[in-house]
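Next come the chains, spelled out residue by residue.
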Amino acid sequence: MNTAQVRSAEQALSVGTWAIVAGAMLYSVLTVTPLAAAHTPPEWAWTAPILPLVVDAAVVIVVRLDATLARLGEGGGAWPIVLRWMTGAMTLALNVAESALRKDMVGAAVHAVAPLLLIVTAETGLAYRRAITAAQVALNERERAEFERRERVEVERRETAERARREEREHQARMAREQREHDAAVERERAEIAERARREERDAERARERTEAAERERREREDEQRRAELEHRERQAAERERRERLELLSADPAEGKLPEDRARLIVRAAFEEGHPVRSAAELCGWSVGWVSTRYQEFREEPPAGRLSLVEGAR
């Protein structure tokens, strides 16, 4: 049962109680007023309805305050009980008094129904209200406990969701950090590879330069050696040629014409040694004019076209 059902039951009890109170009051006024008028001086007969109204007002006070105290879960002590039973007894006595005076037991019983019903309804309503109030308190406690449980569940759910979001954010941050670290490591590795490649390229360039320098030095040494050998051979050749020329020029003057090839060798040797034409003519036996012509030919020859004495001899 929920609060709405309890409130509906309490409303039904309140409506029924006030309906019984209203009916009993109306019936009491109609029953007690003739009795009060019969026992009141004629000039005060108009005051007869006051008595039942006062008694019924006390009943209303009792029922209303008992309902309020019961709803609050409190008690009024002994006096409310005295007032409740006193008003009930007065209502019962006033309603059955006329029939009792006439010794009409059936009439007394009939007139006792409404007061008795009012008395029992007041007591029962009070018990009902106290029970409903206790049940309402227990229900409120259960609802409060359920509300607190739901609040705890909601708080736990929010905390769980917040923890999950926090863990997700931390996971994403960790993944982003790891990705950045991975990218940085890849970038460092790329930089190291590029630097290593550049270093290897520089080392290869230096090695190539050293190899080229060594090759140039080797070629230069070889060229220098070849030049030295060539110069040595040229010096040796020049020395041989000079010895040959000196050998040719050291011969005695010819007694007759020597063969033309031999004569040409002697004339060339004399020309290169700077001997005069006449000395060359005496050594080869040919005429001065022929020797002069050979001297002129030798002068007109380009340096590259002159053959050495050794080559001519060969």
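Basis of the calculations
- Residues numbered from 1 in each chain as written.
- Predicted model: local features only at pLDDT ≥ 70, side-chain atom pairs only at ≥ 80, totals over all residues.
- Heavy atoms only, no water.
- Salt bridge = Lys/Arg side-chain N within 4 Å of Asp/Glu carboxyl O.
- Helix = DSSP H or I, 4+ residues; strand = E, 2+ residues; numbered from the N terminus.
- Buried < 20%, exposed > 50% of the residue type's maximum accessible area, 1.4 Å probe, protein only.
- Core = buried A, V, L, I, M, F, W, Y, C linked by side-chain atoms within 4.5 Å.
- Contact = heavy atoms within 4.5 Å.
- pLDDT = per-residue confidence, 0-100.
- Patch = residues over 30% accessible without salt bridge, like charges linked within 9 Å, V, L, I, M, F, W, Y side chains within 5 Å.
- Areas by Shrake-Rupley, 256 points an atom, 1.4 Å probe, with all protein chains shown as cover.
- Expected span 1.5 Å × (residues − 1).
- Axes fitted to C-alpha atoms, helices over the stretch in contact; angles between N-to-C directions.
- Parallel < 35°, antiparallel > 145°, perpendicular 65-115°, else oblique.
- Left-handed = near helix turned anticlockwise from the far one by under 90°.
- Nonpolar A, V, L, I, M, F, W, Y, C, P; charged D, E, K, R; others polar.
- Phe/Tyr/Trp six-rings, centres within 6.5 Å; stacked < 30°, edge-to-face > 60°.
- Lys NZ or Arg CZ within 6 Å of the ring centre and 35° of its normal.

A complete count under the given rule lists 24 salt bridges for this structure. Glu195 is the salt-bridge partner of Arg202, the closest N and O atoms lying 3.4 Å from each other. With a shortest N-O distance of 3.4 Å, Glu260 and Arg264 are connected by a salt bridge. Of this pair, Glu260 and Arg264 both sit in helix H5 (residues 260-273), four residues apart, which is roughly one turn of the helix. With a relative accessible area of 37%, Glu260 lands in the partly exposed category. Here the salt bridges share partners, and the residues they tie into one network are Glu215, Arg218, Arg219, Glu222, Asp223 and Arg226.

Residues Val267, Cys284, Trp286, Trp290, Val291 and Tyr295 are the most contacted members of the largest nonpolar core, which totals 18 residues. Those elements that provide at least two residues to this core are helix H4 (105-249), H5, helix H6 (277-284) and helix H7 (288-300). Residue contributions to this core peak at seven residues, all from H5. If sequence neighbours within four positions are ignored, Val291 has contacts with Val267, Val277, Ala280, Ala281, Cys284 and Trp286. Of all hydrophobic cores here, the second largest spans seven residues; its members include Val21, Val59, Ala114 and Ala122.

Moving on, we come to the confidence of the model for the protein. When the pLDDT values of the protein are averaged, the result is 79; 93% of them are 70 or greater. At the level of individual helices and strands, the protein shows its lowest average pLDDT in helix H8 (residues 309-313), which scores 43, and its highest in H7, which scores 86. Low pLDDT, under 50, characterises residues 304-314; the stretch is placed with 16 contacts to residues that sit more than four places away or in other chains.

To continue, consider the environment of Glu159. Mapped onto the fold, Glu159 is located in helix H4. Taking the C-alpha atoms as reference points, Glu159 and Ser99, separated by 60 residues in sequence, lie 77 Å from one another.

Another aspect to go through is a nonpolar patch on the surface. Among the surface-exposed residues, Ile61, Leu65, Trp79, Val82, Leu83, Met86 and Met90 lie close enough to one another that they form a single nonpolar patch of about 700 Å² accessible area. Every element with two or more residues in the nonpolar patch is listed here: helix H2 (50-72) and helix H3 (78-101). Looking at the nonpolar patch element by element, the count peaks at five residues for H3. Along the polypeptide, Val82 turns up in helix H3.

Okay, the side chain of Arg294 next. Structurally, the position occupied by Arg294 is in helix H7. Take Arg294: its relative accessible area is 8%, and that puts it in the buried class. With sequence-adjacent residues up to four places away left out, Arg294 is seen in contact with Arg264 and Val267.

Here H5 contains 14 residues, and its C-alpha end-to-end distance of 20 Å stays within 8% of the 20 Å for a straight helix at 1.5 Å per residue. Of the residues making up H5, those classed as buried are Ala263, Leu265, Ile266, Val267, Arg268, Ala269, Ala270 and Phe271. Looking one or two residues beyond H5, the residue adopting positive phi is Gly274, at roughly 80°.

A word on the packing of H5 against H6. In contact at an axis separation of 9 Å, H5 and H6 are set at 155° when each is read in the N-to-C sense. For the element pair H5 / H6, the angle class is roughly antiparallel. You can see that H5 and H6 cross each other, and the crossing is right-handed. For the pair formed by H5 and H6, the contact residues are Ala263, Ile266, Val267 and Ala270 on the first element and Ala280, Leu283 and Cys284 on the second. Residues that form the contact of H5 with H6 fall into these classes: seven nonpolar, no polar and no charged.

This paragraph deals with the packing of aromatic side chains. Tallying each qualifying case throughout the model produces four aromatic pairs. Seen from their ring centres, Phe271 and Tyr295 are 5.2 Å apart, and the 75° between their planes marks the pair as edge-to-face. Of this pair, Phe271 sits in helix H5 while Tyr295 sits in helix H7, and the two are 24 residues apart along the sequence. For Tyr295, a relative accessible area of 3% corresponds to the buried category. Members of the aromatic cluster, connected to one another through ring pairs, are Phe271, Tyr295 and Phe298. Stacked on the ring of Phe298, the Lys or Arg Arg268 has its end atom at 4.0 Å from the ring centre.

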